[in-house]
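Summary of the model geometry
What follows is each chain in one-letter form.
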Amino acid sequence: MAHVPTRGSLLRRRRFAPARCYNVAVMGLKILGIAAVVLGLALVACAPASQRAGDAETTLTVFAAASLAESFRALAAAYEIAHPDTRVALNFAGSQTLRTQLEHGAAADVFASANWEHMATIKEAGLLGNAPEYFAANRLAVITPVDSDAVQTLTDLARPGVSVAIASAEVPAGAYARDSLDQMSMDEAYPGDFAAAVLSNVVTNEASVRGVAQKVALGEVDAGIVYETDAAAHQYAGDIRVLEIPLEYNPAARYPIAAVSTSAQLEAALAFIQFIQDDSGQAILREFGFVPPANVACPCHAG
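Thresholds applied
Residues numbered from 1 in each chain as written. Predicted model: local features only at pLDDT ≥ 70, side-chain atom pairs only at ≥ 80, totals over all residues. Heavy atoms only, no water. Axes fitted to C-alpha atoms, helices over the stretch in contact; angles between N-to-C directions. Helix = DSSP H or I, 4+ residues; strand = E, 2+ residues; numbered from the N terminus. Parallel < 35°, antiparallel > 145°, perpendicular 65-115°, else oblique. Contact = heavy atoms within 4.5 Å. Core = buried A, V, L, I, M, F, W, Y, C linked by side-chain atoms within 4.5 Å. Buried < 20%, exposed > 50% of the residue type's maximum accessible area, 1.4 Å probe, protein only. Domains from an automatic or database assignment. Polar contact = N/O pair within 3.5 Å; in protein donor to acceptor, adjacent residues only side chain to side chain. Nonpolar A, V, L, I, M, F, W, Y, C, P; charged D, E, K, R; others polar. Salt bridge = Lys/Arg side-chain N within 4 Å of Asp/Glu carboxyl O. Pairing = 2+ DSSP bridges.

**Brief notes about the packing of helix α10 (residues 266-277) against helix α11 (residues 279-287)**
With their axes 4 Å apart at the nearest point, α10 and α11 run at an angle of 60 degrees to one another. Taken together, the axes of α10 and α11 are oblique relative to one another. In this structure, α10 contributes F275, I276 and Q277 to the contact, and α11 contributes D279, S280, G281, Q282 and L285.

**A few points about the nonpolar core**
Within the largest apolar cluster, 66 residues are counted, with the highest numbers of intra-cluster contacts made by L68, F72, F135, Y227, Y255 and F272. Here this core spans two domains, since at least three of its residues come from each of domain 2 (56-137 + 255-302) and domain 3 (140-249). Filtering out sequence-adjacent residues up to four positions away, F135 remains in contact with L68, F72, A112, Y255, P256, I257, I276, Q277, Q282, L285 and P293. Counting residues in each nonpolar core, the second largest holds 15 residues, with L98, L102, W116 and M119 among its members.

**What about the side chain of T204?**
One can find T204 in strand β7 (residues 202-206). Within polar-contact distance, the side chain of T204 engages the side chain of E206 at 2.5 Å.

**So, the packing of helix α4 (residues 95-103) against helix α5 (residues 116-124)**
For any two helices packed against each other, the geometry comes down to the angle between their axes and how far apart the axes lie. Following both chains from N to C, one finds α4 and α5 inclined at 5 degrees, their axes separated by 9 Å at the closest point. On the basis of their axis angle, the class for α4 and α5 is roughly parallel. Touching S95, Q96, R99, L102 and E103 of α4 are H118, T121 and I122, all from α5. Along the lines of polarity and charge, the residues of the contact of α4 with α5 split into two nonpolar, four polar and two charged.

**Focus on the environment of V209**
As for its position among the elements, V209 is in helix α8 (residues 209-217). V209 sits in the buried class, given a relative accessible area of 3%. Sequence separation of V209 and P172 is 37 residues, and the distance between their C-alpha atoms is 8.5 Å. Apart from the residues within four sequence positions on either side, V209 is in contact with S67, V171, A173, V226, Y227 and D230.

**What to know about the pattern of salt bridges**
This model, assessed by the stated rule, comprises five salt bridges. Between D230 and R210 there is a salt bridge, with its nearest N and O atoms 2.4 Å apart. Of the two residues, D230 is situated in helix α9 (residues 228-231) and R210 in helix α8; the sequence distance between them amounts to 20 residues. Comparing D230 with R210 shows no difference in burial state: the two are buried. Salt bridges linked by common partners bring E70, R210 and D230 together as one network.

**Quick word on the sheet that holds β7**
Spatial strand order, β7-β6-β8-β5-β9: five strands in an open sheet with mixed pairing. Unpaired on one side and paired on the other, β7 and β9 (240-244) mark the two borders of the sheet. Geometrically, the sheet is characterised by an average inter-axis angle of 30 degrees between neighbouring strands, direction not taken into account. With two bridges connecting them, strand β6 (residues 164-167) and strand β8 (residues 223-227) associate as parallel partners.

**Structural notes on the environment of G289**
Residue position: G289 is located in the segment after α11. Put simply, G289 and E228 are 61 residues apart on the chain and 7.4 Å apart in space, counted from C-alpha to C-alpha.

**Notes on the pairing of β6**
Neither face of β6 is open: one carries V164 and I166, the other A165 and A167, and all of them are buried. Bridge count for β6 against β7 is four bridges, and the pairing is parallel. By the bridge assignment for β7, A165 is matched with T204.

What follows is the structure, given as C-alpha coordinates:
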(Lines give C-alpha, C1' and ligand atoms only; values in the text may rest on other atoms or scores of the structure.)
Protein backbone atom coordinates (compact mmCIF):
# COMPACT_ATOMS: atom_id res chain seq x y z
CA MET A 1 0.00 0.00 0.00
CA ALA A 2 1.19 3.53 -0.80
CA HIS A 3 1.59 6.18 1.90
CA VAL A 4 0.91 9.90 1.58
CA PRO A 5 2.81 11.83 4.32
CA THR A 6 1.25 14.92 5.85
CA ARG A 7 3.06 18.15 6.89
CA GLY A 8 3.95 19.06 10.52
CA SER A 9 1.58 18.19 13.29
CA LEU A 10 -1.54 19.52 11.61
CA LEU A 11 -2.76 16.15 10.28
CA ARG A 12 -2.25 12.70 11.67
CA ARG A 13 -0.56 10.20 9.43
CA ARG A 14 -3.18 8.27 7.50
CA ARG A 15 -2.99 4.98 5.55
CA PHE A 16 -4.69 4.89 2.15
CA ALA A 17 -6.01 1.79 0.27
CA PRO A 18 -4.21 1.10 -3.03
CA ALA A 19 -7.49 1.02 -4.98
CA ARG A 20 -8.19 4.77 -4.24
CA CYS A 21 -6.48 7.53 -6.23
CA TYR A 22 -5.72 11.01 -4.83
CA ASN A 23 -4.74 14.20 -6.60
CA VAL A 24 -1.55 15.26 -4.83
CA ALA A 25 -1.92 18.94 -5.77
CA VAL A 26 -5.45 19.13 -4.40
CA MET A 27 -4.38 17.41 -1.21
CA GLY A 28 -1.53 19.88 -0.78
CA LEU A 29 -3.89 22.83 -1.10
CA LYS A 30 -6.21 21.32 1.48
CA ILE A 31 -3.33 20.88 3.91
CA LEU A 32 -2.15 24.45 3.41
CA GLY A 33 -5.68 25.71 3.92
CA ILE A 34 -6.05 23.84 7.19
CA ALA A 35 -2.66 25.17 8.33
CA ALA A 36 -3.72 28.73 7.61
CA VAL A 37 -6.89 28.30 9.62
CA VAL A 38 -5.01 26.81 12.56
CA LEU A 39 -2.41 29.60 12.44
CA GLY A 40 -5.14 32.24 12.31
CA LEU A 41 -6.90 30.78 15.32
CA ALA A 42 -3.60 30.69 17.21
CA LEU A 43 -2.93 34.37 16.50
CA VAL A 44 -6.41 35.34 17.65
CA ALA A 45 -5.99 33.32 20.83
CA CYS A 46 -2.67 35.05 21.59
CA ALA A 47 -3.92 38.59 20.89
CA PRO A 48 -4.90 40.86 23.79
CA ALA A 49 -8.54 40.67 24.77
CA SER A 50 -9.12 44.30 23.71
CA GLN A 51 -7.87 43.52 20.20
CA ARG A 52 -9.97 40.34 19.98
CA ALA A 53 -12.98 42.48 20.83
CA GLY A 54 -12.06 44.95 18.11
CA ASP A 55 -10.97 47.70 20.53
CA ALA A 56 -7.86 49.68 19.54
CA GLU A 57 -5.44 51.11 22.10
CA THR A 58 -5.88 54.84 22.64
CA THR A 59 -2.78 56.98 22.19
CA LEU A 60 -2.89 60.46 23.72
CA THR A 61 -0.38 62.93 22.32
CA VAL A 62 0.55 65.55 24.90
CA PHE A 63 2.49 68.72 24.03
CA ALA A 64 4.11 70.05 27.23
CA ALA A 65 6.58 72.79 28.14
CA ALA A 66 10.18 71.60 28.49
CA SER A 67 10.26 72.36 32.22
CA LEU A 68 7.53 69.75 32.73
CA ALA A 69 9.57 66.88 31.29
CA GLU A 70 10.32 64.76 34.38
CA SER A 71 7.00 65.43 36.08
CA PHE A 72 4.94 64.63 32.99
CA ARG A 73 6.84 61.41 32.36
CA ALA A 74 5.87 60.35 35.87
CA LEU A 75 2.28 61.53 35.34
CA ALA A 76 2.05 59.61 32.06
CA ALA A 77 3.37 56.41 33.66
CA ALA A 78 0.86 56.67 36.51
CA TYR A 79 -1.98 57.39 34.11
CA GLU A 80 -1.12 54.40 31.93
CA ILE A 81 -1.19 52.14 34.98
CA ALA A 82 -4.64 53.44 35.89
CA HIS A 83 -5.78 53.27 32.24
CA PRO A 84 -4.07 50.21 30.67
CA ASP A 85 -5.86 50.75 27.36
CA THR A 86 -4.22 54.18 26.92
CA ARG A 87 -0.69 55.15 25.95
CA VAL A 88 0.55 58.70 26.53
CA ALA A 89 2.99 60.05 23.93
CA LEU A 90 4.88 63.13 25.14
CA ASN A 91 6.38 65.97 23.11
CA PHE A 92 8.51 68.48 25.07
CA ALA A 93 9.79 71.82 23.83
CA GLY A 94 9.62 75.50 24.61
CA SER A 95 5.99 76.63 24.83
CA GLN A 96 6.48 78.95 21.87
CA THR A 97 7.73 76.04 19.75
CA LEU A 98 4.78 73.85 20.70
CA ARG A 99 2.37 76.71 19.98
CA THR A 100 3.87 77.16 16.50
CA GLN A 101 3.62 73.43 15.83
CA LEU A 102 -0.06 73.44 16.77
CA GLU A 103 -0.71 76.50 14.61
CA HIS A 104 0.79 74.64 11.65
CA GLY A 105 -1.44 71.61 12.11
CA ALA A 106 0.59 69.30 14.34
CA ALA A 107 -1.55 66.49 15.75
CA ALA A 108 -1.98 66.71 19.52
CA ASP A 109 -4.65 66.01 22.11
CA VAL A 110 -3.41 68.10 25.07
CA PHE A 111 -1.36 71.30 25.37
CA ALA A 112 0.36 72.33 28.62
CA SER A 113 2.07 75.71 28.43
CA ALA A 114 4.45 77.42 30.85
CA ASN A 115 2.50 80.69 30.60
CA TRP A 116 -0.88 82.06 29.61
CA GLU A 117 0.31 84.05 26.57
CA HIS A 118 1.00 81.03 24.35
CA MET A 119 -2.20 79.34 25.50
CA ALA A 120 -4.11 82.53 24.65
CA THR A 121 -2.71 82.48 21.11
CA ILE A 122 -3.93 78.92 20.63
CA LYS A 123 -7.31 79.90 22.03
CA GLU A 124 -7.60 82.82 19.61
CA ALA A 125 -6.83 80.43 16.77
CA GLY A 126 -9.84 78.32 17.77
CA LEU A 127 -7.66 75.33 18.65
CA LEU A 128 -8.82 74.70 22.21
CA GLY A 129 -11.34 71.98 23.00
CA ASN A 130 -12.18 73.27 26.50
CA ALA A 131 -11.53 76.20 28.83
CA PRO A 132 -7.90 76.12 30.03
CA GLU A 133 -7.11 75.79 33.72
CA TYR A 134 -3.95 76.53 35.66
CA PHE A 135 -2.62 73.29 37.17
CA ALA A 136 0.83 74.16 38.57
CA ALA A 137 3.14 77.01 39.50
CA ASN A 138 6.90 77.50 39.58
CA ARG A 139 9.56 80.03 40.58
CA LEU A 140 12.90 81.20 39.20
CA ALA A 141 16.41 80.53 40.49
CA VAL A 142 19.94 81.37 39.42
CA ILE A 143 22.29 78.44 38.86
CA THR A 144 26.08 78.41 38.45
CA PRO A 145 28.60 75.65 37.68
CA VAL A 146 29.53 73.90 40.91
CA ASP A 147 33.26 74.52 40.39
CA SER A 148 32.93 78.22 39.47
CA ASP A 149 33.12 81.19 41.85
CA ALA A 150 32.37 83.85 39.22
CA VAL A 151 28.86 84.41 40.60
CA GLN A 152 28.44 84.31 44.36
CA THR A 153 25.51 86.73 44.72
CA LEU A 154 22.76 88.04 42.46
CA THR A 155 24.61 91.36 42.04
CA ASP A 156 27.51 89.45 40.45
CA LEU A 157 25.30 88.80 37.44
CA ALA A 158 25.89 92.43 36.38
CA ARG A 159 29.66 92.36 36.90
CA PRO A 160 31.62 92.96 33.66
CA GLY A 161 33.05 89.79 32.14
CA VAL A 162 30.45 87.43 33.65
CA SER A 163 28.75 85.20 31.07
CA VAL A 164 25.03 84.56 31.54
CA ALA A 165 22.54 82.28 29.80
CA ILE A 166 18.79 82.88 29.76
CA ALA A 167 15.92 81.71 27.60
CA SER A 168 14.79 83.82 24.66
CA ALA A 169 12.22 86.53 25.35
CA GLU A 170 9.43 84.55 23.64
CA VAL A 171 10.12 81.55 25.90
CA PRO A 172 8.10 81.79 29.14
CA ALA A 173 11.21 81.27 31.29
CA GLY A 174 12.96 84.03 29.37
CA ALA A 175 10.05 86.44 29.80
CA TYR A 176 9.87 85.66 33.53
CA ALA A 177 13.65 86.16 33.86
CA ARG A 178 13.50 89.61 32.27
CA ASP A 179 10.57 90.52 34.50
CA SER A 180 12.57 89.43 37.54
CA LEU A 181 15.57 91.55 36.52
CA ASP A 182 13.32 94.57 35.99
CA GLN A 183 11.90 94.17 39.49
CA MET A 184 15.41 94.07 40.95
CA SER A 185 16.32 97.25 39.07
CA MET A 186 13.43 99.07 40.74
CA ASP A 187 14.77 98.19 44.19
CA GLU A 188 17.37 100.52 45.69
CA ALA A 189 19.32 97.45 46.80
CA TYR A 190 20.38 97.07 43.15
CA PRO A 191 21.78 99.61 40.69
CA GLY A 192 19.16 101.29 38.51
CA ASP A 193 20.77 99.83 35.41
CA PHE A 194 20.99 96.34 36.91
CA ALA A 195 18.70 94.69 34.37
CA ALA A 196 20.50 96.29 31.42
CA ALA A 197 23.89 95.31 32.84
CA VAL A 198 22.85 91.67 33.30
CA LEU A 199 21.32 91.49 29.83
CA SER A 200 24.56 92.87 28.37
CA ASN A 201 26.30 89.84 29.91
CA VAL A 202 23.92 87.39 28.23
CA VAL A 203 25.92 85.33 25.75
CA THR A 204 23.16 82.95 24.71
CA ASN A 205 19.37 83.11 24.47
CA GLU A 206 18.16 79.53 24.52
CA ALA A 207 15.03 78.10 22.86
CA SER A 208 13.99 76.40 26.11
CA VAL A 209 14.82 76.65 29.79
CA ARG A 210 16.45 73.22 29.61
CA GLY A 211 18.95 74.64 27.13
CA VAL A 212 19.94 77.19 29.78
CA ALA A 213 20.37 74.53 32.47
CA GLN A 214 22.48 72.42 30.13
CA LYS A 215 24.83 75.33 29.32
CA VAL A 216 25.43 75.92 33.04
CA ALA A 217 25.84 72.23 33.92
CA LEU A 218 28.49 71.88 31.20
CA GLY A 219 30.34 74.93 32.51
CA GLU A 220 29.89 76.87 29.27
CA VAL A 221 28.60 79.97 31.11
CA ASP A 222 29.06 81.45 34.56
CA ALA A 223 25.36 81.54 35.44
CA GLY A 224 21.85 81.00 34.13
CA ILE A 225 18.30 81.83 35.17
CA VAL A 226 16.00 78.80 35.23
CA TYR A 227 12.98 77.48 37.10
CA GLU A 228 13.47 76.10 40.59
CA THR A 229 12.29 72.71 39.30
CA ASP A 230 15.06 72.72 36.68
CA ALA A 231 17.61 73.61 39.35
CA ALA A 232 16.43 70.59 41.35
CA ALA A 233 16.37 68.16 38.39
CA HIS A 234 18.35 65.01 39.16
CA GLN A 235 20.42 65.13 35.96
CA TYR A 236 22.11 68.33 37.11
CA ALA A 237 22.84 67.17 40.66
CA GLY A 238 26.51 67.65 41.49
CA ASP A 239 27.07 69.93 38.50
CA ILE A 240 25.41 73.17 39.65
CA ARG A 241 24.94 75.44 42.65
CA VAL A 242 21.71 77.31 43.27
CA LEU A 243 21.19 80.95 44.25
CA GLU A 244 17.69 81.76 45.37
CA ILE A 245 15.86 84.77 43.96
CA PRO A 246 13.84 86.45 46.74
CA LEU A 247 10.08 86.24 46.35
CA GLU A 248 9.71 90.01 45.93
CA TYR A 249 11.67 89.76 42.66
CA ASN A 250 10.38 86.34 41.68
CA PRO A 251 7.33 86.27 39.38
CA ALA A 252 5.14 83.20 39.79
CA ALA A 253 5.16 81.08 36.65
CA ARG A 254 1.75 79.49 36.20
CA TYR A 255 1.05 76.61 33.84
CA PRO A 256 -2.30 76.32 32.01
CA ILE A 257 -3.49 73.12 30.34
CA ALA A 258 -6.25 72.40 27.82
CA ALA A 259 -7.42 69.88 25.26
CA VAL A 260 -6.81 70.59 21.58
CA SER A 261 -9.98 71.05 19.53
CA THR A 262 -8.68 68.92 16.65
CA SER A 263 -8.27 65.90 18.93
CA ALA A 264 -10.10 62.81 17.71
CA GLN A 265 -10.41 61.62 21.32
CA LEU A 266 -11.51 64.66 23.25
CA GLU A 267 -13.06 62.64 26.07
CA ALA A 268 -9.78 60.83 26.74
CA ALA A 269 -7.86 64.12 26.60
CA LEU A 270 -10.17 65.65 29.20
CA ALA A 271 -9.78 62.56 31.39
CA PHE A 272 -5.98 62.96 31.34
CA ILE A 273 -6.29 66.65 32.25
CA GLN A 274 -8.61 65.78 35.13
CA PHE A 275 -6.09 63.21 36.37
CA ILE A 276 -3.41 65.93 36.53
CA GLN A 277 -5.73 68.23 38.46
CA ASP A 278 -6.84 65.56 40.93
CA ASP A 279 -5.02 64.80 44.17
CA SER A 280 -2.92 61.98 42.74
CA GLY A 281 -1.67 64.09 39.85
CA GLN A 282 -0.98 67.08 42.08
CA ALA A 283 0.99 64.85 44.46
CA ILE A 284 3.25 63.78 41.59
CA LEU A 285 3.80 67.40 40.56
CA ARG A 286 4.76 68.31 44.13
CA GLU A 287 7.36 65.53 44.13
CA PHE A 288 9.09 67.40 41.30
CA GLY A 289 8.96 70.78 43.00
CA PHE A 290 5.83 72.27 41.48
CA VAL A 291 3.23 73.91 43.68
CA PRO A 292 -0.49 74.52 43.14
CA PRO A 293 -1.17 77.75 41.23
CA ALA A 294 -2.05 80.74 43.40
CA ASN A 295 -5.72 81.45 43.78
CA VAL A 296 -5.76 84.55 41.60
CA ALA A 297 -8.03 85.86 38.88
CA CYS A 298 -7.34 83.68 35.84
CA PRO A 299 -7.71 85.04 32.29
CA CYS A 300 -8.44 81.50 31.11
CA HIS A 301 -12.20 82.02 30.93
CA ALA A 302 -12.17 85.56 29.64
CA GLY A 303 -13.52 86.23 26.19
